[in-house]
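Residue-level structure breakdown
Letter by letter, the chains look like this.
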Amino acid sequence: MPVVKVTDIAYGRLQSPSLDEAEEFLTNFGMVRSERTRDALYMRGTDPDHHIHVTHLGPSRFIGLAFFVESEEDLARFAKTPGASGIEHLDEPGGGKRVRIGDPHGYQMEVLCGMQQLAPLPTRRNVLNWGDQKLRRAGELMRLARGPSQVKRIAHAVIMTPDARERIKWYREMFGFVCSDEVYEGTPDNIIASFNRCDRGETFVDHHVFLCIKGDKVGLNHLSFEVQSIDDVMLGHEHLKRAGKYRHVWGIGRHVLGSQVYDYWQDPWGRVHEHWTDTDVLNVHHRTNVMPAAEGLVSQWGEPVPQEFISHAIP
Ligand SMILES: [Fe+2]
């Protein structure tokens, strides 16, 4: 049995040398400032969570990740894990209670509950017609205002590590993740990517919320954020491109594992942030698949994955 079963990812914590530049990038990426203090920036999406991205002021580094649990009983159980902190009141905007623990790579993992909820933000109306349902917008004109994506929520995080197959076990044991897919190169024991989702029983959840990928470094490969629609991915892509100062990494395309339409960009310090929309959702009844990289790590459409993306990690 895992220590707890987390219900979703809450936020990622990064450290960045300039909060101004961080906020400028994240705003262009499609988040909205929730709060900013002298030494930290809290950005939100259109969903009610107080924040989904935290930036602390300081030299560039990846601090860690936070996941939601259902109740304080979960926190109490987690606090008994060797190496875990006690239950702490989060002394920062958004509040809540949490327990911290260092992961096997030295990153800070948090489980929390009770984060402040805000009113959701309005989104562009975007009703699509399909081949077999072409009257979904009958009589209405589609007119999309240009601008950044509208990030809805944080969706997943990916950590690179030299032994993905072994290391993923710790996260499953702590947070209750179940494996959706694993991808190997050469022989099936050489797992190069492990895609894991939350275990919420009958409730359907995203195909993946946390991955370990194999590489020769340890660090954050990317943080990923759900946006509203395919138009939103495209509008966001154009907006970041027009800004003229951010590095595009990969996309636009549709993944095989998870099936999302994706687009990847680097922040000013090389940390990769993903936009995606339209994921596969699974519940506890879906079984794990193991497949070669040539089947799993390709796209249903779009450019093949660049080497720069596969070998990327920021400590
Ligand atoms: Fe991703």
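The paragraphs below set out a description of the structure included in this document. Residue numbers run consecutively from 1 along every chain, following the written order of its sequence. This being a predicted model, a pLDDT of at least 70 is required before a residue's local features are given, and a value of 80 or more before pairs of side-chain atoms are given or counted; all residues contribute to the totals for chains, interfaces and linings. In computing side-chain properties, one takes all heavy atoms of the structure into account and sets aside hydrogens as well as water.

1. Here's the deal with the sheet that holds strand S14 (residues 219–227)
Only strands joined by at least two bridges in the DSSP assignment are considered to pair. Numbering of helices and strands starts at the N terminus; helices are DSSP runs of H or I of at least 4 residues and strands are runs of E of at least 2. Strand order in the open sheet formed by ten strands is S19-S10-S11-S13-S9-S14-S17-S16-S15-S20, and the pairing between neighbours is mixed. Edge positions in the sheet fall to strand S19 (289–292) and strand S20 (299–301), since each has one partner strand and no second. Taken over all neighbouring pairs, the strand axes of this sheet differ in orientation by 25° on average, direction set aside. Note: strand S15 (residues 248–255) against S20, two bridges, orientation antiparallel. Each bridged residue has a counterpart across the sheet, and for Arg 254 the counterpart in S20 is Trp 301. By definition, residues are in contact when any of their heavy atoms lie within 4.5 Å. Angles run from 0 to 180 degrees between N-to-C directions of axes, and those axes are lines fitted to C-alpha atoms, restricted for helices to the stretch in contact. Helix H1 (residues 19–29) contacts strand S9 (151–161), S14, strand S16 (261–266) and strand S17 (272–277) of the sheet and is inclined by roughly 20° relative to S17.

2. Quick word on the sheet that holds strand S6 (residues 88–89)
Within the open sheet, the eight strands sit side by side as S2-S3-S4-S1-S5-S8-S7-S6. Their pairing is mixed. Two strands bound the open sheet, and with one partner strand each, they are strand S2 (32–36) and S6. Where strand S1 (residues 8–16) and strand S5 (residues 61–68) come together, seven bridges link them in antiparallel fashion. Each residue of the ladder has a partner; that of Gln 15, found in S5, is Arg 61. Along the sheet face, helix H2 (residues 72–79) touches strand S7 (97–102) and strand S8 (108–113) and points at about 30° away from the line of S7.

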